[in-house]
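Single-letter residue listing:
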Amino acid sequence: MNANSMKWLLIFKALRLKWRRTLVIVAALSIGAAMVTAMASVYFDINEKMSRELRSFGANFYLGAKNETPFTLEQYETIIAAMPKALYHASSPYLYAVARSEREPVALVGVDFPALPALVPYWQVQGGWVSVAFDDRNTMLGKALAAQLELNVGDNITLVKDNGQKKTFRIKGIIESGDAMDNVMLLNIRVAQDWLGAAGGISYALASLANDNDAVTAYAETLSREYPQLDIHPIRKVSAAEGQILHKIKGLMGVVCIVILLLSSLCVNTSLTAMTHERRREFALQSALGASGRQITAQMIRETALMAAVAVVLGIALGLILAQILGEVVFHASIAPRLPVFPLVIVLSTAVAAAAVALPLKRVLALQAADILKGA
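Just so it is clear, the model here is predicted, and its values are computed rather than measured. (Residues numbered from 1 in each chain as written. Predicted model: local features only at pLDDT ≥ 70, side-chain atom pairs only at ≥ 80, totals over all residues. Heavy atoms only, no water.)

1. What about the overall build of the chain?
Applied cut-off: Runs of H or I in DSSP of at least four residues are treated as helices and runs of E of at least two as strands, each being numbered from the N terminus. Exposure classes here rest on a 1.4 Å probe applied to the protein chains alone. A residue is buried below 20% of its type maximum, exposed above 50%, and partly exposed in between. The contact criterion used throughout is that any non-hydrogen atoms of two residues lie within 4.5 Å. The Shrake-Rupley method, run with a 1.4 Å probe, gives the accessible areas here. Residue values count only the displayed protein chains as cover.
Within the chain, the regular secondary structure consists of twelve helices and ten strands. Per-residue burial for the chain yields a buried fraction of 45% across its 376 residues. Once local pairs closer than 6 in sequence are excluded, the contacts in the chain between residues at least 24 apart make up 79%. Surface accessibility of the chain: about 19,200 Å² in total, with carbon and sulfur atoms responsible for 61%.

2. A word on the packing of aromatic side chains
Under the convention used in this document: Planes of paired rings set the category: under 30 degrees apart is stacked, over 60 is edge-to-face and the rest tilted, where pairs are Phe, Tyr or Trp rings (Trp by its six-membered ring) whose centres lie within 6.5 Å. The criterion for a charge sitting over a ring is simple: Lys NZ or Arg CZ within 6 Å of the ring centre, and within 35 degrees of the ring normal.
In the structure shown here, the tally under the stated rule is five aromatic pairs. For the pair Phe61 and Tyr219, a centre-to-centre distance of 6.1 Å together with 40° between the ring planes defines the contact as tilted. Of this pair, Phe61 sits in strand β1 (residues 61-65) while Tyr219 sits in helix α7 (residues 215-226), and the two are 158 residues apart along the sequence. With a centroid separation of 6.1 Å and 10° between ring planes, the pair formed by Trp123 and Trp129 is classed as stacked. In this arrangement the basic side chain of Lys161 is found over the ring face of Trp195, its NZ or CZ atom lying 4.8 Å from the centre.

3. Side note on the nonpolar core
Spelled out, the test is: Remark: nonpolar core denotes a set of buried residues (Ala, Val, Leu, Ile, Met, Phe, Trp, Tyr, Cys) joined through side-chain atoms within 4.5 Å.
Phe61, Leu159 and Met185 are the most contacted members of the largest nonpolar core, which has 41 residues in total. Among the elements that take part in this core, α7 stands out by supplying five residues, more than any other. With residues near it in sequence (within four places) discarded, Met185 still touches Val106, Ala107, Leu108, Val109, Thr139, Met140, Leu141, Leu145, Ile157, Leu159 and Phe169. In this structure, Val26, Ala28, Met275 and Met307 belong to the second largest nonpolar core, which totals 26 residues.

4. A word on unusual backbone geometry
Although it is not a glycine, Glu150 adopts a positive phi angle of roughly 55°. Mapping Glu150 onto the fold places it in the loop between α5 (143-149) and β6 (156-160). A relative accessible area of 66% means that Glu150 is categorised as exposed. In this structure, Ala199 is a non-glycine residue whose phi angle is positive, near 55°. The topology assignment puts Ala199 in the loop between α6 (189-196) and β9 (204-209).

5. Some details on a nonpolar patch on the surface
Defined as follows: Only residues whose relative accessible area exceeds 30% and that take part in no salt bridge are eligible for patches, with like-charged residues grouped when within 9 Å of each other and nonpolar side chains (Val, Leu, Ile, Met, Phe, Trp, Tyr) grouped when within 5 Å. We define a salt bridge as a contact between a side-chain nitrogen of Lys or Arg and a carboxyl oxygen of Asp or Glu at a distance within 4 Å.
Where nonpolar side chains cluster on the molecular surface, the patch consists of Leu318, Ile321, Ile325, Val329 and Val330 and spans about 470 Å² of accessible area. Residue placement: Ile321 occurs in helix α10 (residues 293-331).

6. Quick notes on helix α3 (residues 73-82)
We apply this condition: Read the arc as the range of directions from the helix axis to the C-beta atoms.
Regarding α3, the residues found buried are Leu73, Tyr76, Ile79 and Ile80. Take α3 and look down its axis: the buried residues cluster within an arc of 125°, on one side only. Residues Glu74, Ala81 and Ala82 are exposed on α3 and point more than 90 degrees away from its buried face. Residues of α3 that are buried sit in contact with β1, β2 (88-101), α6, β9, α7 and β10 (230-234).

7. Here we look at the pattern of salt bridges
One pass over the full model with this rule turns up four salt bridges. Residue Glu77 is joined to Arg190 by a salt bridge in which the shortest nitrogen-to-oxygen separation is 2.8 Å. Taken as a pair, Glu77 in helix α3 and Arg190 in helix α6 lie far apart in primary sequence, 113 residues in all. Its relative accessible area of 45% is what places Arg190 among the partly exposed residues. Linking Lys166 and Glu102 is a salt bridge whose minimum nitrogen-to-oxygen distance equals 3.4 Å. Note that Lys166 is positioned in strand β7 (residues 166-176) and Glu102 in the loop between β2 and β3 (105-111), a separation of 64 residues in sequence. For the pair Lys166 and Glu102, one class covers both residues: exposed.

Below is the structure:
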């Protein structure tokens with residue numbers, strides 16, 4: 001048997017004879033690796049998942065006129081077309097005016113109907129959405145206005161101009177938004193412009209953007225420099241909430257990982273210390289037979305590295321399963337494995353194992369072989 005085979009034989013026999021301690025160490029390192037894998041997987045995937053969840057808050061980005069400067073639909077479309085695809089989610093222009101129906105005046109709002117389900121997902125709709133941007137026959141009414149006019153889904157409402165021109169719209173849906181939109185009549189933006197003679201003008205626009213690392217604020221500043229004549233800013237109430245929630249959740253996950261790793265390191269350190277104490281006669285005998293401190297150190301490092309390698313493999317597998325469970329429970333979606341997770345878990349698990357073996361190794365090297373063997 002060559003020297004290399006002898007080294008590994010000693011390692012495997014030592015771990016097998018102390019199998020209970022070995023299992024405790026592998027279990028502690030596995031739990032640490034599993035928690036880091038799960039938290040890191042969620043951490044790297046959380047921006048997309050949380051942004052999607054937080055979009056239910058509504059728009060977080062405002063574009064409007066400044067100092068009576070006109071804001072046109074063409075300007076809005078140019079800005080939206082230039083938005084980074086990774087940032088943009090949904091948007092709609094808004095044109096406010098007062099129109100006259102056959103019964104009484106109504107607040108009329110022109111919008112981009114196809115964008116509304118994604119922009120205002122919290123709206124409750126009785127009936128259905130107007131689904132195409134060129135629909136000039138259907139409308140949607142706010143719940144309060146529909147009740148005031150005693151109209152329901154499927155009924156007609158007719159707008160009248162001062163010159164007697166009329167246009168009838170079928171009510172396709174009645175919305176309940178919980179805000180001022182409950183009191184308006186919605187038309188597609190171009191239909192509203194044509195009816196009002198707005199010549200391309202709009203009141204303002206709202207957008208929903210991904211807000212990773214306060215991206216909404218940064219992008220608003222960029223657009224403000226590009227379009228100084230427009231009022232462009234994040235809607236603080238929504239965008240700030242998104243950023244704060246993301247930062248707090250990420251911070252919480254980091255704290256959890258640190259605590260788990262510290263507990264794992266403490267458990268491994270305690271088990272290794274007990275294991276080396278039980279094996280002190282073995283180490284003393286090796287030293288008496290000519291083994292150097294470097295050779296004993298290498299043996300302990302190999303043993304710890306072997307246990308850490310097994311624990312990392314088990315921990316990554318368990319962590320990926322745990323990440324999927326967290327994703328389904330919290331976000332109702334799977335968590336995509338991210339490449340940076342694996343080197344991160346390996347590095348942190350190695351660091352935990354190295355920190356845990358340092359003190360037991362120091363004690364082994366301080367053993368006096370003669371004293372221990374005399375007492376054997």
